[in-house]
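# Notes for the structure review
Listed below are the residues making up each chain.
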Amino acid sequence: MAAEVYLNVAVSGLLTGLVYGLMAVGLSVIFGVVRVVNFAHGEMMTVAMYLAIALFNSLGLDPLVMAVPVAGVLFALGYVMQAGLINPFITRPEYSQFMLLIAVAIIIVNVLLIVFGPDARNVQTSYAFDSFLLGPLIIDATKVYAGGATLVITAALFAFFRFAPLGKAIRACADNYTGALVVGLNVKRLYALTFGLGAACVGAAGSILVLLVDVTPALGPALTLLAFIIVITGGLGSMVGAVLGGLLIGFTEAMAGLFFTPSAKSMFSFGLLVLVLLFRPQGILGKRVL
Amino acid sequence: MRRTSPLSCVRITRRSFAAGAGAAGLLAATGTANVARAQSGPLKVGVLLPRSGAQAGIGQDCQRGVELAPAMFKALGLPELAIMNADTETNVEVARARAEKLINDGAQLLVGAFDSGQSAAIAQVAEQKGIPFVINIAAAPQITEQGYKFVFRNFPTAPMILSDAFANQMELFEATGAAPKSVVFMHANDTFGTSMQQGINAVFPRFNMPYKIVEQIAYDATARDLSVEVAKAKATGADALLMVSRLNDAILITRELVKQRWSPMIVLSMGPGWYEDQYLKTLGKLSDGPMSFVPWYDPNKTLAQQLEAALAKAYPGINMNTNHVFTFEALLVAADAYKRARSSDPKALADAIRTTNITDNVSIGPGIQFNDKGQDDKLKNAAIQNRGGKLLTVAPKAASNAKPELPMRPYDRRG
Amino acid sequence: MSARLLEGVSRRGIALLAVLLAVLLAVPWIANDYLLTVLIIALYSAYTGQAWNVMMGFAGQLSLGHAIYVGLGAYAAAALYVHFGIAPWLGLAAAIAIAVACGAIIGFLAFRFGVGGVYFAILTIAFAEFARIGFDHFQWVGASSGFFLPVANYTRNDLWNLRGDPTMFYYVMLALTVAAFALCHVLLKSRIGYYWLAIREDEIAARSLGIDTFRYKMYAAVLSAGMTAVAGVFFAFYYNNLFPEQVFHISRSIELILGPIIGGIGTLFGPLIGAFLLTSLSEAMQELLSALGFDAPGVKQVFYGLCLLVVVIALPGGVWPWLAGKLHVTRRDP
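Before going into details, it helps to say that this report is about the structure given with it.

Parameters and conventions
Residues numbered from 1 in each chain as written. Chains lettered and ligands numbered in written order. Predicted model: local features only at pLDDT ≥ 70, side-chain atom pairs only at ≥ 80, totals over all residues. Heavy atoms only, no water. Helix = DSSP H or I, 4+ residues; strand = E, 2+ residues; numbered from the N terminus. Contact = heavy atoms within 4.5 Å. Buried area = accessible area lost by both parts, 1.4 Å probe. Salt bridge = Lys/Arg side-chain N within 4 Å of Asp/Glu carboxyl O. Polar contact = N/O pair within 3.5 Å; in protein donor to acceptor, adjacent residues only side chain to side chain. Nonpolar A, V, L, I, M, F, W, Y, C, P; charged D, E, K, R; others polar. Phe/Tyr/Trp six-rings, centres within 6.5 Å; stacked < 30°, edge-to-face > 60°. Buried < 20%, exposed > 50% of the residue type's maximum accessible area, 1.4 Å probe, protein only. Pairing = 2+ DSSP bridges. Axes fitted to C-alpha atoms, helices over the stretch in contact; angles between N-to-C directions.

Here we take up the side chain of A:Gln82. Structurally, the position occupied by A:Gln82 is in helix H3 (residues 63–86). Residues contacting A:Gln82, with those up to four places away along its chain left out, are A:Val34, A:Asn87, A:Ile90, A:Tyr191, A:Ala192 and A:Phe195.

See the structure below:
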């Protein structure tokens, strides 16, 4: 195969991986700080995607623009979920958290099924079929826009956690729970805020992803698994790690599909995951907390 | 799929019973169908379809064929059927449990279930209980190779679909004078796709096709992104695309073909997806061109035309397709057998079904008949082509109503 | 041995157990085939839940990919039967061996490398998915187009080849479930059971006492895998068709664990109570919804999820400990 085929596929894989990375950032924030095993992460993403579609169909606004309001709605949803439902489970054993979120996931998936039906939905923007010609490369326009939006949002998040007082407070909670309490931070409120923030990331990612992927109610579980794979590979507690993990997984899957049979390309992500878990459990950029 | 519970019972909806009772009352009032009065009331038919789960959309589409049946049967003078609807939830165990429950609740005949795995499970139950089971749609050949006496299938097996596909392609190449020299075969790695792929390796050598299959690309049926697969296909330099896919993949692949700027000479699809309403609606002008080689209705047959008219009236804007046709025909088989058997005894019904010969039917071929394995091996498959949001039958000649367009217009020249 | 079997169970408990067993034995005479099918599914859930419980409840490792053992067992026995004509009771040996090997690998990788908690859970998911995709391409057993066992009209019951009517399968499943419970009970009361309890409660303390935690965790993993493989063999011969998408799917692994978690992890009766509760819950839900006319797909699952939510929030230890308290059945841990 010619070199440009590999290049095309690589670029495509990286761009898609970027968007999944944003979804994973949300999980990294939730899992890393609040320490909740959010097995409803993919379902939250699906909600965001449907919301984006509904808004697009009624208001005609581009999903990239709507990333912000959708993120806002998801923030509220996440905050309420954490404060109202999940908080007592933080100290409970993992399987308990897991069951709670599984029940939530079941409810979400089937409510979506009732409301939206089983058919796949998507948005058709004016640029849905465009592609850029860059020398021998043909790059999907939608993926470029999606990737760009993701980078902008990730940078904003990064700045928030680095420089904003609230962001620093959240990091403090993650680094040292007791210390944070001692210093007088309202940890419970911060947890709710963090969950909300993680959910907002998911909201933005969902609004962007809807440009690339058709959504069905059953999409949730696959996205949850993907988010966990990316977070574990990239490193828990590291946002840049989550983004890098997304890029890596996107790239690996794309190239695996090219070199081997595409129907088995997921095996490589799982293989990578197993290797990471065994030899570098903190992930590529994670801190050795375990 | 992960949401399905271990089992549930059948939904014998009040609605369907009321409908059945109402229709029966109407029949009695109008005084038609003396035959119906000779038996003891309507035949209880259990219809098993995936109404929830991954195949929910298809199950609901098949249901339309069920809904159209009562009125049409009345007009044909066929006996009354009391339909008992059940949901297999796209799950093999649930399918089996529902079949048991239907039989327990008095079903005298079963119809279903769209999916090969679920149909196989139901077939076992039916065979064991001695209740006739008429399969509407399921392509795995093994189901009618088990030596069952109570299982009947009015649908082609994967090898049948393939043989007709190649035969029709030869006919089309001859008619238009154009043929691809190389194709790349892409298929979803699911039950149907793999059956077809195994079939192709067996059937293809028997035909003298003008093209070579340069590569076989199997992709994950649940893939959300097929850009890598299409890039791979494009890189083979093949003239045309040979496909076995479902609806979502068809849409994804078409989008990628446009984005990656590759217009194959023709898309030859041997399965669902490329002709479905959602595909046509979503892609508009970009949906024209692909040819699908599928079990289909014969547009020149009277009953097909009547069914199409009824469908247009009840569900405007929906093209008649395989799901409607074969689900309707399964019920047709049931009603016809009931009429001839003059009894609702399952053994009598099964014997009656075995001697079915309905020449005035909807699908292509000499009519509905079953061989001693319970398979209708006389079915013929059509080649249809998308044009302007409509589906035209372009082969076989005897059942066609339009001329084929080959090669199809390139994607970047469609305005 | 019988003393061991009944150790720790109060008189009341024994009486209730005897009644339950009698009822279950008599069911085929009083119930129709449909109810039998329901019960077979309930018993199957109880059995697999108990097998999973050995790993989770006894050794404290959350396995979310247990469907892999069901699948391996099912395919092993089925392949031997279809390709070589080997009866399932013999194929069982191969099924267990393969599953045990797999369990050993997963256990070894996890325990040696210190992978625990959520990471272990994700590891098990990864392995199950690996198996699913792998079998999707495994042509010898049909790949994704499915593996069919030859089925003929059941004129008589063939126990050796597991061909027969639902009544036969019911008794086989009942026997398996009873055996599983007996085994677990005996193990719990033995030394290994106490080691497991220690490891579950505080692994570091257990290790400091000189317990070879690695070895006992491996025992739990391997036993759990082997037990689950037996369920897989039953599954293959009862349903007679196997599709990797269905058998190895993550939704199977989750269905498997719902019973024990709802019923009570680590307890003996938790999986049984959980399985029967969930089965009857979805039954009741179905009937209720049809009666009320809410037929839309998904409505039942929403209520199912809500009920799960309520149980998880209100009864964190599971239903069985709460129920046992009400019935005054236990003096010590069941």
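Another aspect to go through is the interface of chain B and chain C. The interface is formed by 45 residues belonging to chain B together with 47 residues belonging to chain C. Across the chain B to chain C interface the summed buried area is about 4,200 Å²; carbon plus sulfur atoms make up 51%. Counting every contact that joins chain B to chain C gives 1 salt bridge. A salt bridge links B:Glu93 to C:Arg252, with the nearest nitrogen and oxygen atoms 2.6 Å apart. Along the contact surface separating chain B from chain C lie 12 residue pairs in polar contact (both at pLDDT 80 or more). The dominant element in the side of chain B that touches chain C, judged by the number of residues it contributes, is helix H4 (residues 92–104) of chain B, at 8 residues. Across the side of chain B that touches chain C, the residue classes tally to 11 nonpolar, 19 polar and 15 charged.

As a further point, take the interface of chain C and chain A. On the side of chain A, 39 residues touch chain C, which itself brings 36 residues to the contact. Summed over both partners, the interface of chain C with chain A buries about 3,400 Å², with 87% contributed by carbon and sulfur atoms. Among the residues chain C hides against chain A, the three largest losses belong to C:Val118, C:Tyr119 and C:Ile122. Together they make up 19% of the total. Taken together, the connections running from chain C to chain A amount to 2 residue pairs in polar contact (both at pLDDT 80 or more). Elements with a contribution of two residues or more to the side of chain C that touches chain A: helix H6 (117–136), helix H12 (250–263) and helix H14 (299–314) of chain C. Here the side of chain C that touches chain A takes 12 residues from H6(C), the largest share from any one element. Its residues assigned to classes, the side of chain C that touches chain A shows 29 nonpolar, 6 polar and 1 charged.

In the structure shown here, the tally under the stated rule is 44 aromatic pairs over all chains. A centroid spacing of 5.5 Å and a plane angle of 85 degrees characterise the contact between A:Phe279 and C:Phe113, whose relative ring orientation is edge-to-face. Linking A:Phe279 in helix H11 (residues 265–279) with C:Phe113 in the loop between helix H5 (88–112) and H6, this pair reaches from one chain into another. Taking the relative accessible area as the measure of exposure, C:Phe113 reaches 33% and is therefore partly exposed.

We now examine the pairing of strand E6 (residues 182–188) of chain B. Residue and element names in this part refer to chain B. E6 sits mainly inside the fold: 7 of its 7 residues count as buried. Both faces of E6 are covered, namely the face carrying Ser182, Val184, Met186 and Ala188 and the face carrying Val183, Phe185 and His187. Both E6 and strand E7 (residues 212–219) contribute to a ladder of 7 bridges, which runs parallel. Looking at the pairing, valine 184 lines up with glutamate 215 of E7. Inspection of the sheet shows E6 paired to strand E8 (residues 240–244) by 5 bridges, in the parallel sense.

Looking now at the sheet that holds strand E2 (residues 81–87) of chain B. All names here are of chain B. Spatial ordering of the open sheet is given by E2-E1-E3-E4-E5, a layout of 5 strands whose pairing is parallel. Strands with a single pairing partner mark the edges of an open sheet, and in this sheet they are E2 and strand E5 (151–153). Neighbour-to-neighbour, the strand axes of the sheet open up by a mean angle of 25 degrees, direction not taken into account. With 4 bridges connecting them, strand E1 (residues 43–49) and strand E3 (residues 109–112) associate as parallel partners. Bridged to glycine 46 within E3 is leucine 110. In this fold helix H12 (residues 322–341) packs onto E1, E2, E3 and strand E4 (133–135), with an angle of close to 165 degrees to the strand it touches most, E1. In this fold helix H13 (residues 346–354) packs onto E1, E3, E4 and E5, with an angle of close to 30 degrees to the strand it touches most, E5.

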